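# A closer look at the structure
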Amino acid sequence: LSAITDQQTASKLQKIRRIQFAGIVISFLSLSAIIGLFFSQVRRTDQQLVRKQAENREILSAVSDGLLLIDKNLLIGEQISSSLEKLLPAEKYSGKALTDILKRYVSPETLKTTEDYIEILFSEHVEESLVQSLNPLQETLFIIERNGERVEHYIDITFVRTWENERISHVLVSLRDI
């Protein structure tokens, strides 16, 4: 009786081990499939992101206006159009305050008015049409030094608020030499 019980126990134990092994193999295969799908999705997302970034670069290099984004602190974002460098030469734009760039080219009074205007731009309760009518940099004279020579340019700068979750996130600044 003892030998039969031992034999039955050994047989059942062997079945349990086979079932455990099969469960482990199935779990491993499922985990491998999930990881494979995850990395496939990440790769597709990365490819889409690379395409979008390439399109952004292409647009920013082709547009004739100087384009940039500023935040509430007047700091210029990472993406700028290549035309901006031709309109307002500067060593660095990204992370710099817009007023730091403008102070080389406009009078202190215009600079102060611009700072006040941008503060109003970020006031969400002020209507868009009113904000546009207050713009102090419409058709403004800029004195730009190129190759040691001072050149006068009239540059029209427009500001467009960008909204995210019903809040102003940035302001798109567009510069055009008129």
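Below you will find a few notes about this structure. All figures in this text were calculated on a predicted structure; none of them were measured in a lab.

## Quick notes on the overall build of the chain
Across its full length, the chain holds five helices and five strands. Reading the chain from its N end, one meets helices and strands in the order α-β-β-α-α-α-α-β-β-β. Relative to a compact globule of 178 residues, whose C-alpha radius of gyration would be 16 Å, the chain shows 31 Å and is clearly more extended. Each principal axis of the C-alpha distribution contributes one length, and for the chain these read about 110 × 40 × 20 Å. Classification of the 178 residues of the chain by burial places 26% in the buried group. Put simply, 40% of the contacts in the chain that link residues at least 6 apart link residues at least 24 apart. Computing the positive centroid from 21 side-chain charges and the negative centroid from 25, the chain places the two 17 Å apart.

## Re the environment of Gly-95
For Gly-95, the position within the fold is in the loop between helix H2 (82–87) and helix H3 (98–102). For Gly-95, a relative accessible area of 46% translates into the label partly exposed. For the pair Gly-95 and Asp-71, spaced 24 residues apart in the sequence, the C-alpha separation amounts to 9.9 Å. Aside from chain neighbours lying at most four places away, what touches Gly-95 is Leu-75 and Ile-76.

## Focus on unusual backbone geometry
Note: most peptide bonds trans; most residues except glycine with negative phi. Even without a glycine there, the phi angle at Leu-74 is positive, about 70°. Position of Leu-74 relative to the elements: it lies in the loop between strand E1 (66–70) and strand E2 (76–80). By relative accessible area, Leu-74 is classed as buried at 14%. The backbone of Asn-165 shows a phi angle near 55°, a positive value even though the residue is not glycine. Inspection of the secondary structure puts Asn-165 in the loop between strand E4 (149–164) and strand E5 (167–177).

## Observations concerning the sheet that holds strand E3 (residues 140–146)
Sheets are built from strands paired through backbone hydrogen bonds, the pairs being either parallel or antiparallel. Reading across the sheet, the five strands line up as E2-E1-E5-E4-E3 and stay open at both edges, with antiparallel pairing between neighbours. In this open sheet, the two edge strands, each paired with only one partner strand, are E2 and E3. This sheet shows a mean twist of 35° between the axes of neighbouring strands, independent of strand direction.

## Here we look at helix H4 (residues 108–121)
Over its 14 residues, H4 runs 20 Å from end to end, which matches the ideal 20 Å to within 8%, given 1.5 Å per residue. Regarding H4, the residues found buried are Leu-111, Thr-114, Tyr-117, Ile-118 and Leu-121. The arc enclosing the buried residues of H4, seen along the axis, measures out at 125°, which places them on a common side. Facing away from the buried side of H4, by more than 90 degrees, are the exposed residues Pro-108, Glu-109 and Glu-119. For H4, the secondary structure elements touched by its buried residues are E1, H3, helix H5 (128–133), E4 and E5.

The rules behind these values
Residues numbered from 1 in each chain as written. Predicted model: local features only at pLDDT ≥ 70, side-chain atom pairs only at ≥ 80, totals over all residues. Heavy atoms only, no water. Helix = DSSP H or I, 4+ residues; strand = E, 2+ residues; numbered from the N terminus. Rg over C-alpha atoms; globule rule 2.2 N^0.38 Å. Buried < 20%, exposed > 50% of the residue type's maximum accessible area, 1.4 Å probe, protein only. Contact = heavy atoms within 4.5 Å. Lys, Arg positive; Asp, Glu negative; His and termini not counted. Charge placed at Lys NZ, Arg CZ, Asp CG, Glu CD. Pairing = 2+ DSSP bridges. Axes fitted to C-alpha atoms, helices over the stretch in contact; angles between N-to-C directions. Expected span 1.5 Å × (residues − 1). Arc of directions from axis to C-beta.

Any link to function would need more than the numbers given here.
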